[in-house]
Amino acid sequence: MEIRRTANAGVLLTLDNTKILLDGVCREVYSYPATPAVIRQELTDCPPDAVLFTHEHADHFDPDYLQRVKPTKSAGKVKITSVPTRHMGHYGKTTPHQSFVVEGSKTVWFLGDASPTELRKLSDFPKPDVLMIPYPYISTPAALKMVEALLPCKIVLLHMPLPENDPEKIWQSVQAGMEYLKAYLYVPKMGETFHI
């Protein structure tokens, strides 16, 4: 499985020769980086097999990209299931949100901005080989316990600001969780590609 971070909270996932873009094109919001122009152009010139977004916040979704590329949930032999989930925090009541379970030779749970308590909704699916989560899942003790219950899966931490532009000190808030999970954790830089 190949994973490339293409956006603030998104990736281009290649599983079983199928390319799936998950929250993979976004705009800059506060300290969260936009999809770089070169990556956006690559994703436009060579669209993935499936284009999926968890919700329509600008740090996860760019409608301009969808004007160029038709969104789809078709992914060949890979099965993708959309699970309605509640967005974290005060957006939970007003923001439609969905998480995705991607099943092929490996299983991926992609949470977007789902509240950590929503992990229970995915318990009927195969346990993930890879869990893709935003930073609050490892910055709070209660959420960290929920993540711990899913180990030994690999964890991809997304929705992180650039370290040099972090006025909310998010990097500082996740340090203990990052140290605790270091054997399982990937924190990819923008544009970085890695294999699991």
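Let's talk about the overall build of the chain
Of regular secondary structure, the chain possesses five helices and 11 strands. Against the globule reference of 16 Å for 196 residues, the chain gives a C-alpha radius of gyration of 15 Å, in line with a compact fold. Structurally, the chain occupies a C-alpha span of about 40 × 35 × 35 Å along its principal axes. In the chain, buried positions account for 55% of the 196 residues. Of the contacts made within the chain by residues no fewer than 6 positions apart, 59% connect residues no fewer than 24 positions apart. Of the roughly 9,300 Å² that the chain leaves accessible, carbon and sulfur atoms contribute 53%. Side chains of the chain carry 21 positive and 22 negative charges; the gap between the two charge centres is 4 Å.

Things to note about the sheet that holds strand β5 (residues 79–84)
Spatially, six strands are ordered β5-β6-β7-β8-β9-β10 in an open sheet, and the strand pairing comes out mixed. Of all strands in the sheet, those bounded by a partner on one side alone are β5 and β10 (185–186). Direction of pairing for strand β9 (residues 154–158) relative to β10: parallel, over a ladder of two bridges. Note on β10: the bridge partner recorded for Val156 is Tyr186.

A few points about unusual backbone geometry
With an omega of 20 degrees, the peptide bond running from Leu151 to Pro152 counts as cis. Following the sequence through the fold, Pro152 ends up in the loop between α4 (141–148) and β9. One non-glycine residue, His159, lies in the positive phi region at around 60 degrees. Among the structural elements, His159 can be located in the loop between β9 and α5 (170–180). The phi torsion at Lys169 lies on the positive side, around 55 degrees, for a residue other than glycine. As for its position among the elements, Lys169 is in the loop between β9 and α5.

With respect to the nonpolar core
By size, the foremost hydrophobic cluster in this structure holds 26 residues, and its most contacted members are Leu111, Leu131, Ile133 and Ile138. Residue assignment for this core shows that the elements contributing at least two residues are β8 (130–134), α3 (136–139), α4, β9 and α5. Considering every element that reaches this core, the biggest residue donor is α5, with three residues. Setting aside its immediate chain neighbours within four residues, Ile133 contacts Leu111, Ile138, Val147, Ile155, Val156, Leu157 and Leu158.

Observations concerning α5
What α5 keeps buried is the set Ile170, Val174, Gly177 and Met178. Buried residues in α5, looked at end-on, bunch into an arc of 105 degrees, giving them a common side. Facing away from the buried side of α5 by more than 90 degrees, the exposed set consists of Gln172 and Ala176. At its buried positions, α5 is contacted by α3, α4, β9 and β10.

Thoughts on the packing of aromatic side chains
This model, assessed by the stated rule, comprises two aromatic pairs. Ring geometry for Tyr186 versus Phe194: centroids 4.9 Å apart, planes at 15 degrees, classification stacked. Residue classification places Phe194 among the buried positions, given a relative accessible area of 7%.

Focus: the state of the cysteines
Summed over the entire model, instances satisfying the criterion amount to zero disulfides. Here Cys46 stays unpaired: no disulfide links it, and the sulfur of Cys26, its closest cysteine neighbor, is 20 Å away. Residue class for Cys46 comes out exposed when judged on its relative accessible area of 53%.

Remarks on the pairing of strand β3 (residues 18–22)
Taken across its five residues, β3 has four buried, putting it largely inside the fold. With five bridges connecting them, strand β2 (residues 11–15) and β3 associate as antiparallel partners. Bridge pairing links Leu13 to Ile20 in β3. Two successive antiparallel strands, β2 and β3, enclose a turn made up of two residues, where Asp16 displays a positive phi of approximately 55 degrees. Bridge count between β3 and strand β4 (residues 50–52): three bridges; the pairing is parallel. Across the sheet, residue Ile20 finds its bridge partner in β4, namely Ala50. Remark: the β3/helix α1 (residues 37–45)/β4 crossover connection has right-handed handedness.

Cut-offs and rules
- Residues numbered from 1 in each chain as written.
- Predicted model: local features only at pLDDT ≥ 70, side-chain atom pairs only at ≥ 80, totals over all residues.
- Heavy atoms only, no water.
- Helix = DSSP H or I, 4+ residues; strand = E, 2+ residues; numbered from the N terminus.
- Rg over C-alpha atoms; globule rule 2.2 N^0.38 Å.
- Buried < 20%, exposed > 50% of the residue type's maximum accessible area, 1.4 Å probe, protein only.
- Contact = heavy atoms within 4.5 Å.
- Areas by Shrake-Rupley, 256 points an atom, 1.4 Å probe, with all protein chains shown as cover.
- Lys, Arg positive; Asp, Glu negative; His and termini not counted.
- Charge placed at Lys NZ, Arg CZ, Asp CG, Glu CD.
- Pairing = 2+ DSSP bridges.
- Core = buried A, V, L, I, M, F, W, Y, C linked by side-chain atoms within 4.5 Å.
- Arc of directions from axis to C-beta.
- Phe/Tyr/Trp six-rings, centres within 6.5 Å; stacked < 30°, edge-to-face > 60°.
- Disulfide = S-S within 2.5 Å.
- Right-handed = clockwise from strand over helix to strand, strands pointing away.

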